[in-house]
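The primary structure of each chain is shown beneath.
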Amino acid sequence: MGFKYIVKTKRSGVGEKKAKYYAIPVRSGEIDTRRLAKELSERCTLTETDVRATLIGLVEIMEEYLHQGYSIRLEDLGRFTVSVTSDGHETPDECTPKRVKAKKICFMADKRLKENLRRVEFARKK
């Protein structure tokens, strides 16, 4: 079946006269906690409810640690961190905690997971 993509044109830079063609991913859908829990329970001795409770608990604990400035590494999956931002200020004293914002949660895939990308097969959507 393969990872589906479509082809679209884009201008890559300012003043670029000629458009180029790029692959754009077509998502197959979304897998939610319930489905993950069901499939995981079929592969181990835990029940679907046990797996769901574990995943929900994991998210809650991760949130607590991320709020405290920790990075979280899940073996064979990757590392989660929070990126922060602020406006530029004239002096260091002006960069107060109220002016700093959590921007997003970043994910860096584990080396093993990234290596698996080499095996992804692609199919152009018709």
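Before reading further, recall that the structure is shown in the block above.
Keep in mind that what you see is a predicted model, and the values were worked out from it rather than measured.

Rules and cut-offs
Position labels on residues start from 1 in each chain and follow its written sequence. In keeping with the predicted nature of the model, local features appear solely for residues at pLDDT of at least 70, side-chain atom pairs appear and are counted solely at 80 or more, and the whole-chain, interface and lining totals rest on all residues. Hydrogens and water are ignored here; the side-chain numbers use all heavy atoms of the structure. A run of H or I in DSSP becomes a helix once it reaches four residues, and a run of E becomes a strand once it reaches two; helices and strands are each numbered from the N terminus. Each radius of gyration is computed over the set of C-alpha atoms, and the globule rule expresses the reference value as 2.2 Å times the number of residues to the power 0.38. Any residue under 20% of the maximum accessible area for its type is buried, any over 50% is exposed, and the rest in between are partly exposed; the area is computed with a 1.4 Å probe on protein chains only. Accessible areas in this description were obtained via Shrake-Rupley with a 1.4 Å probe; residue shielding takes into account the shown protein chains only. Only four residue types enter the tally: Lys and Arg on the positive side, Asp and Glu on the negative side; His and the chain ends are excluded. Just so you know, the charge point we use is NZ for Lys, CZ for Arg, CG for Asp and CD for Glu. For two strands to be treated as a pair, DSSP must find at least two bridges joining them. Note on geometry: axes are lines fitted to C-alpha atoms, helical ones only across the stretch in contact, with angles between N-to-C directions running from 0 to 180 degrees. Here, two residues are considered to be in contact whenever any of their heavy atoms come within 4.5 Å of each other. Method remark: on a 1 Å grid restricted to protein atoms, a set of points is classed as a cavity if a 1.4 Å probe fits but cannot get out and as a pocket if it is open with protein on both sides within 12 Å along at least five of seven lines; lining residues have an atom within 4 Å of a point. Grid points are joined across faces, edges and corners, and a volume is the space filled by probe spheres set on the points. Residue polarity follows a fixed list, in which Ala, Val, Leu, Ile, Met, Phe, Trp, Tyr, Cys and Pro are nonpolar, Asp, Glu, Lys and Arg are charged, and the others, Gly among them, are polar.

Novice: Help me understand the overall build of the protein in this model?
Specialist: Regarding its fold elements, the protein presents three helices and six strands. Going from N to C terminus, the protein has its helices and strands arranged as β-β-α-α-β-β-β-α-β. In terms of C-alpha radius of gyration, the protein reaches 21 Å, well past the compact-globule figure of 14 Å for 126 residues. Projected onto its principal axes, the C-alpha coordinates of the protein cover approximately 60 × 45 × 25 Å. Looking at the protein as a whole, 10% of its 126 residues qualify as buried. Of the roughly 11300 Å² that the protein leaves accessible, carbon and sulfur atoms contribute 52%. Between the averaged position of the 28 positive side-chain charges in the protein and that of its 19 negative side-chain charges there is a distance of 12 Å.

Novice: Would you take a moment to explain the sheet that holds strand 4 (residues 78-86) for this structure?
Specialist: Sheet strands line up and pair through hydrogen bonds in the backbone, either parallel or antiparallel. Across the sheet, which stays open at both edges, the three strands sit in the order 3-4-5 with antiparallel pairing between neighbours. Each edge of the sheet is formed by a strand with only one pairing partner; in this case those strands are strand 3 (72-74) and strand 5 (100-109). Strand-to-strand twist in this sheet, taken as the mean axis angle between neighbours without regard to direction, amounts to 25 degrees. Here strand 3 runs beside strand 4; their pairing, made up of three bridges, is antiparallel. When the sheet's bridge partners are listed, L74 is paired in strand 4 with G78. Contacts from helix 2 (residues 48-67) reach strand 3, strand 4 and strand 5, with the element oriented near 145 degrees to strand 3.

Novice: Even after reading the chapter, I still don't get the layout of surface pockets, so can you show me in this structure?
Specialist: By volume, the largest pocket is sized at about 300 Å³. Along its surface, the largest pocket is lined by L55, L58, V59, M62, E63, L66, L74, L77, F80, I105 and F107. Mapped onto the lining of the largest pocket, the elements with two or more residues apiece are helix 2 and strand 5. For the lining of the largest pocket, the element with the highest residue contribution is helix 2, accounting for six residues. Of the residues assigned to the lining of the largest pocket, the class counts are 10 nonpolar, no polar and one charged. Of the volumes computed, that of the second largest pocket is approximately 170 Å³. In terms of lining, the second largest pocket is formed by I31, R35, L36, E39, L40 and R43. In terms of residue class, the lining of the second largest pocket is made up of three nonpolar, no polar and three charged.

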